[in-house]
Structures are given as C-alpha cells and as structure tokens.
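# Examination of the molecular architecture
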Amino acid sequence: NLPFFITCLVVLKIIKHYQEEGQGSEVVQGVLLGLVVEDRLEITNCFPFPQHTEDDVDFDEVQYQMEMMRSLRHVNIDHLHVGWYQSTYYGSFVSRALLDSQFSYQHAIEESVVLIYDPIKTAQGSLCLKAYRLTPKLMEICKEKDFSPEALKKACIGYEHMLEEVPIVIKNSHLINVLLLDLQEKSTVADKHELLNLSSSNHLEKSLQLLMDRVDGMSQEIVKYNTYCRNLTKQQQQKQQYLQRRQQENTQRQSRGEPPLPEEDINKMFKPPQAPPRMDTLLIAGQVNNYCQNIKAFTSQNLGKLFMAEALQGHSS
Amino acid sequence: MSRFFATGSDSESEESSSADEITPKATGTTFSKQALLLSDDEEDTKRVVRSAKDKRFEELTNIIKTIRNAMKIRDMSKCLEEFEQLYRAFLKSKTIVDKEGVPQFYIRLLADLEDYLNQLWEDKEGKKKMNKNNAKALSTLRQKIRKYNKDFETEIVSYKENPEQSAEEEEKDDIGSASSSKSDDDEDVTAKSLMKKKPQEEEKKAPEASKFLKGAADEESESEEDEESEDWGSDSVDSGGESEDNEGAAASLAVVFLKKAQDGDKQPERKKDDRRKRHKKMEQVDEEADEEGEGEEGGWEKVKGGVPLVKEKPKMFAKGTEINNAVVIKKLNEILQARGKKGTDRSAQIELFHALAGISNENNLGEGILVKIKFNIIASLYDYNTNLAAFMKAEMWKKCLECIDELLDILFENSNIFIGENIAEDSENLAISDQPFRVRGCILTLVERMDEEFTKIMQNTDPHSQEYVDNLKDEGRVCGIIDRLLQYLESKGSTEEVCRVYLRRIMHTYYKFDYKAHRRSLGLQGETKSEQDQEESEGEDSAIIMDRLCKFIYAKDRTDRIRTCAILCHIYHHALHSRWYQARDLMLMSHLQDNIQHADPPVQILYNRTMVQLGICAFRQGMIKDAHNALLDIQSSGRAKELLGQGLLMRNMQERNAEQEKIEKRRQVPFHMHINLELLECVYLVSAMLLEIPYMAAHEFDARRRMISKQFHHQLRVGERQPLLGPPESMREHVVAASKAMKMGDWRTCHSFIINEKMNSKVWDLFPETQRVREMLVRKIQEESLRTYLFTYSSVYDSISMATLSEMFELELPTVHSIISKMIINEELMASLDQPTQTVVMHRTEPTSLQNMTLQLAEKLGGLVENNERVFDLKQGVYGGYFNRDQKGGYQQKQNYQRAPDQRGGYQQKQGYQRDQKGGYQQRQNYQRGGYRNQNQSSY
C-alpha cells in the first residue's frame, strides 16, 4: 500500500469546514487535491463542496469543481484530483452512497482515497482522521454490478474485506508548526483537558442507538433473505415433482408406443425467485463492525481514565 | 289469431275494439273449457296424458302470448327474452311434440315472428329510432329465429302457403267471439246457432288449440275482471242453450251457470227471466250429476279465474249433499291442491278453509277433521307471504295467534287426538270412531314458525314507534302459546320435541331481567298492590325455570345446536342476574370459545351477546380484568353493532350485495333484546382505563411497550388531537378526561368525570344495582390512582408515609398497605416497607437509560441471531452457503445428527453455558443448531 502524506493545511481546512458548516448528524464533503510523487500520494490541498439545497436546481457541481480547480491552478497549487473527504457522525459512514462515489473515484482515478474525519472524537481530544480505499475484490464486484449471493460468495468477500485503511502521515511545514503553537497558547485550559472527561453515557447512548438501528436493518435483511431461501426450496421441490411426473408420463407413453411429450423449458415454467441483493447486508455488517470497534475503543479508553481517576482519588484522600 | 292481431294492433287505443279484442278470447275459453271438460267426462283414462300435454302447451301459449304483446309494442329485448324461454319450453315438451306433432300455433308464431322481424329490419327509419338495447336484441333475435326456423322449414312453408287452413280453428273461434261480443247487447240468433255447432267441432279439434285458448283465457281473465264477467254472462247463456243438446256436458255447464248466477245483476234486465229459468234447470242438472267431486273441481277451477270468491262460499257443497268426512276431506284436498300454484288467491284460500271449518263444525264431524283444517289454515296463513323477508300483516298475525290458540284448546280438550308429522296421509283417522284421532301435522313446527314470524314483525317495526310497543304486547301471547305447547308436549311429545320447545321458551326468557326475583333477594316488598298481585300470579323465578329447562336440554338433547344455544342463554341469564361465577364456570366448562367460529351466524351472534353480557357482569362485580378480556374481542373490531346483530354498518354497504344484506337483516336481533351499545363501550373504556393507565405509568420508559387496549389508546389520541379542550360532552370524552386526571394520580377529578349526572343518566343508571356499581367504581378509581401515583412519582420520593397516601386517596391504611405490598412483590415498585414508621422507602434501582438501551440491544441481537439460525437451517444441503466455513460445519453436523443420535446429549452439554449467557431464545433451537455451534467452536 502506498503510504500517504497529508499536509496539515488539509487537516485544518477540513476541520474548519466542519466547524463552519456541519451541524450534528449533517455531513460535509469536499475534494482532495494532490500529486502522486514517486510511489506515494501527497495530498496538499482541498476545497469543500458548497452546501446547496434542493431548490437551486441549476447549480452545477461539476462546473463548480472545474472552476475551482482552474482557479487553484492559477495560484500554483496542486490541482490534481486525488480523492475526497467526508465528515462522519459517530463513525457512521459505511453506506451505499460512500461506496458508489468512492467506486466512481477509484474507477476514474486509480489512486484516489476517501478521507473520513470524525469531529466528535476529535472534540474529545484526539484527532481522528482515517483514509480508506475499496479493496480490489470489491472493485471487481462493483464493476460487474452483480450483488447476488452467488457472486458475492464466489468473490469470497466479507464485510472485513470491503475497505482497506491506508496509513496516513501528516507533514507539517514550519509555518504551520508556528501557527499551531500560537493556537495552543490561545486555547483555554478546559479545552486542553477535554481528553480527561470521564462522562461516557451520552456518547455510548448515541452509539448504541445507531448500532441498534443498524441491527434492526440487518434483521430485516435476514428476514428477506430467509423468505427468499424458503421460496427457492419450495420451487425446487415443485420442479422436482414436475420432472418426476413428466418422466412417469413419458415412460407410460413409451410403453403405449406414443411419442414422448416434448421437453419444455422448465426454467420458463419455474422462474427462480429474485434473489435479494446482498450488498446492503454487507454494508450494514461493515457499519456494525465499525460501530462496535468505535464503542470498544471508547470504552477501553474510558476504563483507563476511570482507573486513573480512581488512583488519583486514592492518592489525594 | 293472426287476423285478430291485425285488427288488434290497429286500434289499441280505441275502447270499443279493445273490448273486441278481449271478448273473442274469453269466449274461446269457455268453449275450450267445455271441450276439455267434456272429453274429461268421456274418456277418463286418457286424462293423465292430456294434462301433461296440456300443461306444456299452456306454458307455450302463455309465452307466445307475451311475445305477441311484445311485438305489438316493439319491445325487442322482451321479445328476445321470451323467445328464448319459448325455445326452452318447447324443448321441455319435446316428448309430447314427438307424439302429437309440432303444434300449429307454434309454427304460426315462428312464421309470424320471422315476418315481423324482417319487416322491422327493413324499416331503417324505425330502426334508427330504437334504443340501443332494442336494436341489439332485434339483430340477435333475427339471427336466432332464422337459424331456428330452419328446423321447421317445411311446416312454415306449408303454413305460409295456406295460412287460412292452419288458422282454421282460431277463425272459428273468432267468428264465434265476434258474434258473441255483439250478443252482449242483444242475443244474436246467429251466434247461438253457431255456438251449437261448436262443441262437436271442438271435440274433433286438435287438442292443442283448445289448450292454447284456455291458456290465453287464463291470463286474460286475471287482468280484466269486469269485462270478463260480462263475457261470462253471455257465454253462459249460450252454453245454456247448448245443454239441451248435450247431456254429457251437463256438469261443466252447471259451472258456467254458477258464474252466471253471480253476475246476474250486471246483465240487462230483460235477460233475467230467461236466465232464471235456466238457473233452475241448471240446479236440476247439478243434482243429477253423479260425480259431485268432478263438478266441484270444475267449479273450483273456474273460481280461480278471478271471480270474487266470497260469493262462492255458500256453494262450497252442492245443496243437499250429505256432508260427511269423506266429502270434507276431499274438498280439503282440492283446496290444498291449489296451494302454491301461481294465480291462486291466497287470502281466498284462507277464507275457504275457514268456511270449511265452519261447515265441519256445523255438521259435527268431530275434532279430528277440525284439527286437520286448523293445521291447514295456519299453514296457509304462513304461506300468505311468498317472500321470506316479508312479514305478516297485523290482522293475519292476530288470526294466526287465535288459530293456534284454538288448536291448542282442542288438543287440550281432546286427549285422544294424536298428531305428528310422521303419521302418513293415509293412516290418518279423522272420523269419529272408537279409535283415537290420528292427524298428520306438527304443532311444534307451527309454533316455531309463529315465533319466527313474531321476530320478523318485531324486526320490521320501527322500534321507536307506538306500534312497536303494541306489537311487543303480543309477546305475552306468544309466550303463553309456547307455555301451553310446552305443557302439551311434556305429556305427549318426544324428548326431541320437548327440547325444541324448551329452547323456544328459553329464548323468550333469557334476556329478561327478573325484577321480581331481584326485589325478593333484596328483601323488598312490591311497592304497589297491583305489583304484588302480579308477583303472586307469576310462578317461579326465571332463574329456576332457566335452570330446569337448560338442564333438561343438556341431558336429553342430541343436536348440538340446541344445546349450544341453551348453554349460551343460560350463561347470559346468569350474567344478567350477576351470578358471575356460575356464568363464568359454565362458559369455561362448555369450551364454546374454542369452536364457536364453526357455528352458524345466529348462534355466533348469540355467543357475542353472551360474551358481552358476561363482560358487563364481570364489571359489575368489580372484576375489571375479566370484564376487559370478555369485551375485548367485540370492541376491538369496532363492529360491535354488527357483531351483536343490532344493526348493519353503513361502510360495509359496498362490500356486500343486496342478497347478503337481506340475509343479514334477517339475523338482526329485535330491538327489545338489544344490549345498550353505549353502556357496552363505556364499560369497556372504563375497564381499559383502570388497567391501562397504571400500566402506562409503570412502563413509561419501555421502548417496546405493548398496549392493553388499542381502542382506548385511539380514544386518547383523538382526545389529544382536539385543538381546544372544552368540558367533556359525550361518554367517550368523559372517559378520556378521566384518564388524563388519573394519569396525574388525581382521583377526585377522575371520579367526578366518571361518575356525574351526565354519565349516570347515560350509563350507570342502566345497571340494576346502580349504587353498588358506583361504589365499586369509586373504590377502583382510588386504588388504581394510587398505583399510578406511585409509579409516576416514586422517583421523586425517597420515602413516603402510608398514612399520607391513605389520606390522599381516602383509602384505609390496610388497603394502602396491601396495594403497596402487592406492587413490591410483583417487582413493579422498587421499594421496601418500613414497619415501625409506616413508610415506604424507595430503592431507586431502576435501570439507567443506557442500561435500558443495552437490554434492548441484547434483545434485538437475540432476534437477529435467531433469524440467522433460521436462514442457516434452510441452507443446509439445499444451498451452497454464503460463508464456506459455516456451510461445511452445517453439512457435517447434519451427518452427525443422522449418524449418531446418541451424541446429542453431548451437544446439549456444550451448549449449556451459552444458554446461560443468552437467555430464552436458545431454548427453542433444535439440536442441529447446537451441533452447528459446537462445530464452529471447535473450528475456531
């Protein structure tokens, strides 16, 4: 895997974008710009997609992007499109929309990545920025657009193998270091100790809610699949019965010296039921996995904090 | 005929010619009748054959007549319809046609019709004017008749060649009729002379013609009585002349004279003398007649023709006939034969029966025959309405009651009369002799029918009118009759009959509240003297009666339906009189709840009524939960009205057709048996409130809270949606307002909403023990409010003194103590009682919302895993599997299962710890799954 360099400018711009425009579960997106240098990808700049409502229909996103990139080129900034970024709400980003757009990016520009920024975790004190790419297997499947159970089985793809995380290296220029130090000076004490916040239930509740929602979705998918399986079995039996009957009839006819009944197209008579697409299930599974990991990480971190706090208490008393 | 029509269609509007039109046919009739009767006399043996043929041909001629009428008015669709009918009728009479040849009149019609159609077809102008239906019918009919006529080509051709010849007979008639019509004014000699020849000709004539005429006459005679009677008169004169010539026709001629005698007034004065002479002659002839029955029959048949029957009465038996049993029975049978036939005047028939009864009474023919006649009278009273849905008229109903009463009188007075539906007609013994009378007939069926008629009358009367009250007064009589029948059958009837009549009795008893017994149980005296008298005159308590009757049925009945009805009525009666435990036990013992859906709708309605009454009874006794459960089924559907048979719902109108609606209407319960729907709903809502509000308070934070009563929630939501909340008006609004007060634990407001003047008048006063019910209600409201209060506000308190609670809810301390203890035991309230200080100490162990959520998640995951397992079960062997590893495991495990069932124990053991972890859902899993998991564990 290509290591992956980001300038701090990009990080700050993403954070700023979310601060200014993202609210709660709303998601902000933008374009990453950079260059492939030798064997690594460098992301040197980015710009946000403007928020627009459904009302202004005549807004052309592509037009806007081209315009933006042209302008950036004029000021001598890397203007190659190398991916996109998106903010996330409690780690919920594994969705059909993300899959589709990342697929089209990766299909057009092979080295493109998606950068996921988690503002909530960041607010808790540790920057959370992750880069993902679709695995070649998934690319293969998406290319064929065949999400039937058989195809997915053949591809041997599970929720674990859908996205691969790409390591990130953040490179700071000196100027930025100076700026950061300056910012650190200005920030209040409370902000600095956000990391040590002991309250956990709020975050956990939200996560649980989202997790439950996905589990429900999963249940529905399974019920759907279950029905499909049952229908399939039933039909198989009918088909078998029909064949047997036909065979019996034919042997009878043969014994009577009549010509056997013509072979009909069985598949025409018994149309196999439409298999439910399994991609959604996969995505949900991936999302659930993601939530679980988030919760696990959060709780283990919190446990540590609680022990620490306990120790401190014991010490002070 | 064709000629006649040519003239007829020309002058439809003119009165003179229309008279002409009818006259010929009428005349024709008499002749043909005579011919028929004459031949009857002469050749008795052939009679049966003839009548079969006659019947067929009559049918044909009738249809032909309608076709011709339709042709006249150019009603093509009618024509087409009738033609199809004719075709069918013709096919039916095929055998006869084969024997006799195709009747001329049939051929004639075919030919005429074809001509007529062709003519119409050519007439483009006329066709354009026709409406769509008619035009369509015309083209269809034309095609049909073309095709059909091919079969009769030769006949038609021959007819067309020589229409006069084939129409010969008719023409003769026509001539006769034309002249006889003139004879209305003055007796034409020529006509007479013509007539004289007639009988002979008639005898020779092809029988179909005569039949044809007869049919035509029958129809005609029904519609135009006045003119006809005139015709009759003239006819009879003619035939009178004839009688001198032909002795053989004497009997039938006599009949003609009969007619004439009645219409005498209408005849011109100068004819009178003449006729009187003849009349005398006729009487002589009549007496001479050997076969009186035959003569009578002829007489009867004529009567059918529409001459007012009342006048006929005295002529029932010819003068001087010795009236004995045989004669009366014969007569009775004659009258009976007309029963059910088209065109029989039913009211006249009843009159006849009455007259017959009078005659037999006068002549002391004995009770046997009287009973027989009575049976028939009642039966024909029931027959009066051919439509099953129609109900009896008041006077008929009165008559019917009287008749049955009289019949019962006779039966009681004469213990030597045996009646039964199994006695064959010929083994009847109606004559006075040493042997007891044996009469065929079933009094029970008659009374049952009477009861049904009564129900029908009640169903069809506006329940808010005085008329309804008047009709309802007859219920006493109906009950009286049933009671008498019951006495009678108890001594004479079989057990089955007794069961049936018992059920009738029960049906009239079960829904009535026994105020007398109620008062007695309360130890009160009747307030007024008259009431006391009434009390004394009435016999045992209805409860005792019900008990006796029902127990007899339980023991003796063999049909399931009667027993089921009896049980339901018994339960209803118990419930109505607040004997809750008996009612409940009977309901549970009968197991009716399991199989009532297989019963027929009326029984189901009865079942619903019983359940509702049971629920209301439970409510009165303060068993709120039972009341709610009993009423839930009926109320939750929102179709209580329909389910109880107390009216049809409008919104179902489009779903059912008229036929179904009629059937449903017949199932309706009469108004006086209705259960008050508002009371029902109120009882249901109040019990739902008493159950639901504490439950809601207890499970406020549950994500998956179940509703106890959907309908109650619906009412609450409706209440919430109101933009402006005024003081409650309707019963529902009262309950909703009370619920809201109860939610806050404010029992006083709740109480004032549930029990106030409005609600008293609307609902609570309808209970027999109003005061007791109200007291019970207040108590329940206090208790449930206390529970709600504790649920809602326990989080606010650290501890609370029971004395305070007892004061707040005006309950005694022990009651409060017991309620709280119960809540603690049921783990509804996390608290403990502190005995010395009499306080409740709250524990605060309710799970936090995060914990709640985790529990929910666990539940959901359980469901998910279960679903997953189900998919896996299906996949085994059938489908390749999605995860290879799993598939393999499953497959192997299946083998294991088949090969070594003794290993199962091992699987179960390994599964044991999982069960502890995940709880209930795993218990449902089978061994295969256990095995699968086991495999997976080992492979990890």
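Residues numbered from 1 in each chain as written. Chains lettered and ligands numbered in written order. Predicted model: local features only at pLDDT ≥ 70, side-chain atom pairs only at ≥ 80, totals over all residues. Heavy atoms only, no water.

For clarity, the cut-off: UniProt positions are given in the numbering used here, feature names are shortened, and annotations may be inferred rather than shown by experiment.
In the nomenclature of an unreviewed UniProt entry, chain B corresponds to Eukaryotic translation initiation factor 3 subunit C from the organism Sinocyclocheilus rhinocerous. In its Sequence similarities (unreviewed entry) section, the UniProt entry covering chain B states "Belongs to the eIF-3 subunit C family."

Looking at an unreviewed UniProt entry, chain A carries the name Eukaryotic translation initiation factor 3 subunit H, with the source organism given as Sinocyclocheilus rhinocerous. Entered under Subcellular location (unreviewed entry) in the UniProt record, the comment concerning chain A runs "Cytoplasm".

### Concerning the packing of helix 22 (residues 443-459) of chain B against helix 23 (residues 466-492) of chain B
All names here are of chain B. This is how it is decided: Every axis in this analysis is a line fitted to C-alpha atoms, fitted for helices over the stretch in contact. Angles between the N-to-C directions lie between 0 and 180 degrees. Labels follow the DSSP assignment, with helices taken as runs of H or I lasting at least four residues and strands as runs of E lasting at least two, numbered in each case from the N terminus. Each angle receives one of four descriptions, namely roughly parallel if under 35 degrees, roughly antiparallel if over 145, roughly perpendicular if within 65 to 115, and oblique otherwise. Note on convention: near helix rotated counterclockwise from far helix by under a right angle means a left-handed crossing. Clockwise means right-handed. Contact definition: two residues touch when any of their heavy atoms are within 4.5 Å. Throughout, the ten residues Ala, Val, Leu, Ile, Met, Phe, Trp, Tyr, Cys and Pro are labelled nonpolar, Asp, Glu, Lys and Arg are labelled charged, and all others, Gly among them, are labelled polar.
Running from amino to carboxyl end, helix 22 crosses helix 23 at an angle of 165 degrees, the nearest separation of the two axes being 10 Å. In terms of orientation, helix 22 and helix 23 fall into the roughly antiparallel class. Crossing of helix 22 against helix 23: the hand is left-handed. Between helix 22, through Ile443, Leu444, Val447, Met450, Asp451, Phe454, Ile457 and Met458, and helix 23, the contact on the second element is made entirely by Tyr468, Asn471, Leu472, Asp474, Glu475, Val478, Ile481, Ile482, Leu485 and Leu489. When the residues that make up the contact of helix 22 with helix 23 are grouped by side-chain class, the tally is 14 nonpolar, 1 polar and 3 charged.

### Some remarks on unusual backbone geometry
All names here are of chain B. What counts here: Partly exposed residues are those whose accessible area sits between 20% and 50% of the maximum for their type, while under 20% is buried and over 50% is exposed, using a 1.4 Å probe and protein chains only.
Located in the positive-phi region is histidine 591, a residue other than glycine, with phi close to 55 degrees. Structurally, the position occupied by histidine 591 is in the loop between helix 29 (580-590) and helix 30 (592-595). On the accessibility criterion, histidine 591 (49% relative accessible area) is partly exposed.

### Some thoughts on the sheet that holds strand 3 (residues 799-801) of chain B
Residue and element names in this part refer to chain B. Here is the rule: When DSSP locates at least two bridges between a pair of strands, those strands are taken to pair.
What the 3 strands build is an open sheet, ordered 3-5-4; its pairing is antiparallel. Two strands bound the open sheet, and with one partner strand each, they are strand 3 and strand 4 (831-834). Taken over all neighbouring pairs, the strand axes of this sheet differ in orientation by 20 degrees on average, direction set aside. Pairing of strand 3 with strand 5 (residues 839-842) involves 3 bridges; the strand directions are antiparallel. Its bridge partner being in strand 5, serine 799 is matched across the sheet by valine 841. Here helix 41 (residues 802-809) sits on the sheet in contact with strand 3, strand 4 and strand 5, set at roughly 60 degrees to strand 3.

### Some details on the sheet that holds strand 8 (residues 169-171) of chain A
All names here are of chain A. With mixed pairing, the 8 strands of this open sheet are ordered in space as 7-6-5-4-2-3-1-8. Looking at strand neighbours, the two that pair on one side only are strand 7 (163-166) and strand 8, the edges of this open sheet. This sheet shows a mean twist of 35 degrees between the axes of neighbouring strands, independent of strand direction. Where strand 2 (residues 29-37) and strand 3 (residues 40-48) come together, 8 bridges link them in antiparallel fashion. Residue valine 36 lies in a different strand from strand 3, and its bridge partner there is leucine 41.

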